[in-house]
Amino acid sequence: MLKIDNKADIFHYRTLFFILTISIFTLLSRYFFLQIIEHERYSSKSQVNSVKAQATYAPRGLIFDRNGEVLVENYPTYILTVTPYQLNDKEEQFNIISDITNIPIENINQRYEKFYQGKFLPTIIAKNLTFSEISQIEERRLELSGIQYERFDERLYNETLKDAHILGYLRELDRESLSSLNKSQFYRAGELAGWQGLEKQYENELRYSKGVEYIEVDTYGRKINRVNENSIPAFPGNDLFITIDARLQEYSKSLLNNQRGVILVSNVLTGEILSMVSNPSYNLDIFRGETSENEWKELLNDNNKPIINRTISGLYPPGSSFKLITAFNLIEHGLIDPEDSLMCDGSYTPPGSSNTFNCWKEDGHGLVDLNKAIAQSCNVYFYETVQLIKLKEWIETAKVFGFNKKTEIDLPNELIGQIPDKEFFIETYGRWGWSERGVLLNLTLGQGDILVTPLQSLRYINHIASKGKNTAKLRLNLNKEIDFYDEIELSNQTWSRVFNGLFDVVNSDNGSGWRARQNSDIKLFGKTSTAENPHGDPHAWFNGFFELNNQKFSIVVLVENGGGGGAVASPIAGKIVSFISKNSVDIVNHDVQ
């Protein structure tokens, strides 16, 4: 058996011992440095690694009608987020998520790209997960690093009143839309924000304030415990009570049936909008969860344009209601004696012209004074008398009643319409392509280049109903303070003459709005309009007001391409007045906050 002699001498042993001693001393020194001297620093780092900050959310504020009926509430769901820098294998992990949720992998990747804000910020890749899906994700937690789920609230709408044009909707934010929002609200891509209607107008009030929750996690990112220290609670948004009466709103909409149009009802004394119907509308449920591109395109391409809020963004010729603008000028400036009569034989030919302008009644109205002209909406009377007024004065009167400017309703996207003046006609038709006398014939009938919104017409009739004094600004927020439009200074005689004509529109035997007449003691004042338009049948209008139980209500009805205002719009207005008279106590009451 071979043996090898041990050649190591005492020097080698001492050298090895010295190296070993130095190594142990170095390790002990380092250990002392880390555990004693740098303990606080590395303890903090350790806590950072094991404790994760997580944003928390509270419910968005609810929306109620004036009587406390819930119109918009919240329902809980789950979303799935991913923190990009924590992903081990994005493709494999997204495939696992796709298998669990049955969401196409293309959709998950598309959301990831759309809502990506940076590798350290969570990105929402899936919404509306079920409890079963959440359970499967939790079971495969070790394969899904960087992927988390959290509770999220979607909007739930009243089954009988899903009025998109008033309530509006929430939009899922992407990187582009974030730049237009209030930075102090700390929005992140994938969150929901008010994008139309009241949801947008009162976003700051309805939106919750975010909180922060600290949770202890293990090395795999799994939650171990909640750390209550230093947590910041989230606070819910404020509830919003609106002026709309849900029952009146539903009833008004039923009267339009399948017709395109608008119904507006307001309290003249307070400016509260009691009903605001723009028909057709669209189902707000398409904004819950995922809205497909096809659904959105179908909505945009619908020929009936349901996406347009006709009350504030629909532009129409106002028709014969603008005869009152002429009447105000005639009486206030003493240009006529209201008792004098003119002959209407069915047509009018201006002096020195070969053009003939017809009255709506082909065989004419016979002798017509101002009251009869308003009551029966005689065109010829106003053709003749408007020639006594200067264009500039007529335009100024229209603007005094609020046309050509917004009503300041608390809704986004209101349009101002168009009241053409001399500069407009010159720019549009050239210096010699129009005449003042000629355009006045169109203007007095609310035709030609005039365009107004139905809400402007509501403000117009409210100014008349209040005789120009203390006309409350229109509003939808029930708790908003009452404010007033500028006063309109006209003589009592002027108001009285116009009121007499408006009363006879509805209550005289030959009044154009007799179909709105009430069998009760209610005195309804109104004006019908049949507004010609170049795109089809005339629009049917009715503007009116009445007093009931020490309150004053106003109504505007518009039926697009409906035909005659007296035949089509008046009966609808009459039914609304009857409904309000039967339910006035409940409609006016709003002691629910």
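A few points on the structure. (Residues numbered from 1 in each chain as written. Predicted model: local features only at pLDDT ≥ 70, side-chain atom pairs only at ≥ 80, totals over all residues. Heavy atoms only, no water.)

1. A look at helix 4 (residues 105-115)
- Residues Ile108, Arg111, Tyr112 and Phe115 constitute the buried set of helix 4. Relative to the axis of helix 4, the buried residues are bounded by an arc of 100° and lie together on one face. Facing away from the buried side of helix 4 by more than 90 degrees, the exposed set consists of Glu106 and Gln110.
- Packed against the buried residues of helix 4 are strand 3 (70-82), helix 3 (90-101), strand 4 (123-126) and strand 6 (170-172). (Buried < 20%, exposed > 50% of the residue type's maximum accessible area, 1.4 Å probe, protein only. Helix = DSSP H or I, 4+ residues; strand = E, 2+ residues; numbered from the N terminus. Arc of directions from axis to C-beta. Contact = heavy atoms within 4.5 Å.)

2. Quick look at the packing of aromatic side chains
- Tallying each qualifying case throughout the model produces 25 aromatic pairs.
- The interplanar angle of 0° and the centroid separation of 5.0 Å between the aromatic rings of phenylalanine 525 and phenylalanine 545 together place this pair among those described as stacked. Remark: phenylalanine 545 occurs in strand 18 (residues 536-548) and phenylalanine 525 occurs in strand 17 (residues 525-533); sequence separation between them is 20 residues.
- Note on phenylalanine 525: relative accessible area 16%, which makes it buried.
- Grouped by ring-pair contacts, the aromatic residues Phe322, Phe328, Trp394, Phe401, Phe403, Tyr460 and Trp495 constitute a single cluster. (Phe/Tyr/Trp six-rings, centres within 6.5 Å; stacked < 30°, edge-to-face > 60°.)

3. Brief notes about unusual backbone geometry
- Of the consecutive residues asparagine 279 and proline 280, the connecting peptide bond is found in the cis state with omega at 5°.
- With respect to the helices and strands, proline 280 occurs in the loop between strand 12 (273-279) and helix 11 (293-301).
- Phi at serine 377 takes a positive value of approximately 55°, unusual for a residue other than glycine.
- Structurally, serine 377 is set in the loop between helix 14 (370-375) and helix 15 (379-385).

4. Observations concerning the state of the cysteines
- According to the stated counting rule, one finds 0 disulfides in the structure shown.
- Looking at cysteine 359, it has no disulfide partner, and the nearest cysteine sulfur is the one in cysteine 344, 4.0 Å off.
- Unpaired in terms of disulfides, cysteine 378 finds its nearest cysteine sulfur in cysteine 344, a separation of 3.6 Å. (Disulfide = S-S within 2.5 Å.)

5. A few points about the packing of helix 19 (residues 454-465) against helix 20 (residues 492-507)
- Packing of helix 19 against helix 20 leaves a shortest axis separation of 11 Å and a crossing angle of 115°. For the pair helix 19 and helix 20, contact is made by His463, Ile464 and Ala465 and by Trp495, Phe499 and Leu502, respectively.
- The class makeup of the residues in the contact of helix 19 with helix 20 is 5 nonpolar, 1 polar and no charged. (Axes fitted to C-alpha atoms, helices over the stretch in contact; angles between N-to-C directions. Nonpolar A, V, L, I, M, F, W, Y, C, P; charged D, E, K, R; others polar.)

6. With respect to the sheet that holds strand 18
- The 5 strands lie next to each other as 12-11-19-18-17, forming an open sheet whose pairing is antiparallel. The sheet is open, and its two edges are formed by strand 12 and strand 17, each paired on a single side. This sheet shows a mean twist of 10° between the axes of neighbouring strands, independent of strand direction.
- As defined by bridge partners, strand 11 (residues 261-267) adjoins strand 19 (residues 551-559) across 7 bridges and the pair is classed as antiparallel. Residue valine 262 lies in a different strand from strand 19, and its bridge partner there is leucine 558.
- Contacting strand 11, strand 12, strand 18 and strand 19, helix 19 crosses the sheet at an angle of about 145° to strand 19.
- Across the sheet, helix 20 touches strand 17 and strand 18, and the angle it forms with strand 17 is around 75°. (Pairing = 2+ DSSP bridges.)

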